[in-house]
Amino acid sequence: MKTILAKLLGRQRVLVKENERAVALYKGEIQAILMPGEHWLANQRGNLEISRHDLKNPEFVSAYEKALFDKLPDVAARHFTVVRTGRTEVAVIERDGALHAVLIPDRKLVLWTEAGPWKVTSVDTAADLAVDPALMRRIGQARKTEHVFLYPVVDGQVGLLFVDGVFARTLAAGVHAFWNVGRMVQVKVVDTKRQSLDVAGQEVLTRDRVTIRVNIAAEYRVVDPVTAVSTVKDFSEALYRALQYAFRKTLGALTLDQILDKKVTVDEDAAAKVRDDMAAIGVEVSDIALKDVILPGDMREILNQVVSAEKQAEANVIRRREETNATRSLLNTAKVMAENPVMLRLKELEALEAIAGKVERFTVHNGTGGLLNDLVKLRD
């Protein structure tokens, strides 16, 4: 009966649930915000319009927002929490203790007050873009990281922070976060551990016009990251070029024999020049070594022949020296026997004794001087 009477009077029953709010419009004009419960509203000729909003999504997004705040400001103030950020502000919005949203600068967010309670914390990014570590953990847990930059720096490294292309400060090991609010944030990570650099296969023309290839190795460490990054585009490339230039110039002034005599040592003047140049850009160079000298194929064959000839000559010298020594020894023995006849007889007897052990009979003609007669029987 009540429903029939309401229809006769041009009214419509509107039921709003506990989890809902509704905006009522009549003939296109906003009339009220409806709270939970039963409402009987005028609806002649179907001019009533109801816009429902589920508080599960607490953000009020409606084409009627401006009209509502302009026509019913007191009603809007009771039902909505409005969050606005300035040109350099970031707002962190919490709902009942849980992080709900992060609002970047120059933005507005309208929230149903009844969906709260709400807490809004403003952060001024003009002075510092860094995000508090505790807040960053909460932002990460809530998966709201679209408005932050994350940069990890591990042990043995230093991070260099640049904001809008200008160096700001150095960053220690750890995870660093910065607000993504329209400014260009860059972090260049520099390794400060000791490292090695190889300059391999560098061709050098020696003073005696032999083309060789050399391999050079150096150990270095960045001691001033800011200077190393700001002075040159790439400090490791700068060290590579310095080693190339210094040793091409140095080795080019030496002959091949001089270079081979040095083996793995390097010219101290060249090494000192490299160290001084790199120290000026914040890089400490310690060991520098000439690891290998690689000769062309034809030059290796020639050197092998030279070495072989040198060794053969050394062998000949040794052989002649031994022959000379043997001859000199024989001469000395002959002199002793000539001066001492008894010694000569003893040598003869030693010779006869050696021969007697190998034959049964032998005859000695002349030369024994009465030592033996015609036939000497040595064995029965």
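Predicted model only: the values in this text are computed from it and were never measured.

## Some words on the packing of helix α6 (residues 235-251) against helix α8 (residues 268-279)
And step 1. Their axes nearest at 9 Å, the elements α6 and α8 cross at an angle of 155°. With respect to their mutual orientation, α6 and α8 come out roughly antiparallel. Judged by the twist between their axes, the crossing of α6 over α8 is right-handed. Every residue of α8 that contacts α6 at F235, A238, L239, A242, L243, A246, F247 and T250 is listed here: A270, V274 and M278.

## Quick notes on the pairing of strand β8 (residues 98-103)
And step 1. The buried fraction of β8 is high, at 5 of 6 residues.
And step 2. Taken together, the 5 bridges between strand β7 (residues 89-95) and β8 define a ladder with antiparallel strand orientation. Within β8, the residue paired with R95 across the bridge is A98.
And step 3. Where β7 hands over to β8, the hairpin turn is made up of 2 residues, of which D96 adopts a positive phi near 55°.

## A few points about the sheet that holds strand β16 (residues 195-205)
And step 1. Pairing is antiparallel across the open sheet formed by 3 strands, whose spatial order is β16-β17-β18. A strand with exactly one partner marks an edge of an open sheet, and here the two such strands are β16 and β18 (283-294). Averaged over all pairs of adjacent strands, the angle between strand axes in this sheet comes to 20°, irrespective of strand direction.
And step 2. The sheet contact formed by strand β17 (residues 211-222) and β18 spans 9 bridges and is antiparallel. Residue pairing across strands places A217 opposite A289, the latter belonging to β18.

## What about the side chain of E94?
And step 1. Within the secondary structure layout, E94 lies in strand β7.
And step 2. Judged by its relative accessible area of 11%, E94 falls in the buried class.
And step 3. Here the side chain of E94 touches R138 through a polar contact of 3.0 Å, side chain to side chain.
And step 4. Once you skip the residues sitting within four places of it in the chain, E94 turns out to touch L99, H100, P117, W118, K119, T121 and R138.

## Quick notes on the pattern of salt bridges
And step 1. Summed over the entire model, instances satisfying the criterion amount to 13 salt bridges.
And step 2. In this structure, the salt-bridge partner of R169 is D128, at a minimum N-O distance of 3.6 Å. Here the residue R169 occupies a position in strand β13 (residues 166-171), and D128 occupies one in the loop between β10 (118-124) and α4 (133-141), the gap between them amounting to 41 residues.
And step 3. Taking relative accessible area as the criterion, R169 reaches 32% and is therefore assigned partly exposed.
And step 4. Given a relative accessible area of 36%, D128 falls into the partly exposed group.
And step 5. Across the pair D277 and K273 runs a salt bridge, and its minimum N-O distance is 2.7 Å.

## Quick look at unusual backbone geometry
And step 1. Each neighbour pair has its own omega, and for G116 with P117 the value is 15°, a cis peptide bond.
And step 2. With respect to the helices and strands, P117 occurs in the loop between β9 (108-112) and β10.
And step 3. Even without being glycine, R143 reaches a positive phi, approximately 55°.
And step 4. Residue placement: R143 occurs in the loop between α4 and β11 (148-153).
And step 5. Judged by relative accessible area, which is 74%, R143 ranks as exposed.
And step 6. Even without being a glycine, D164 presents a positive backbone phi close to 55°.
And step 7. Secondary-structure assignment places D164 in the loop between β12 (157-163) and β13.

Cut-offs and rules
Residues numbered from 1 in each chain as written. Predicted model: local features only at pLDDT ≥ 70, side-chain atom pairs only at ≥ 80, totals over all residues. Heavy atoms only, no water. Axes fitted to C-alpha atoms, helices over the stretch in contact; angles between N-to-C directions. Helix = DSSP H or I, 4+ residues; strand = E, 2+ residues; numbered from the N terminus. Parallel < 35°, antiparallel > 145°, perpendicular 65-115°, else oblique. Left-handed = near helix turned anticlockwise from the far one by under 90°. Contact = heavy atoms within 4.5 Å. Buried < 20%, exposed > 50% of the residue type's maximum accessible area, 1.4 Å probe, protein only. Pairing = 2+ DSSP bridges. Polar contact = N/O pair within 3.5 Å; in protein donor to acceptor, adjacent residues only side chain to side chain. Salt bridge = Lys/Arg side-chain N within 4 Å of Asp/Glu carboxyl O.

Such coordinate-based values are descriptive only and should not be taken to indicate function.
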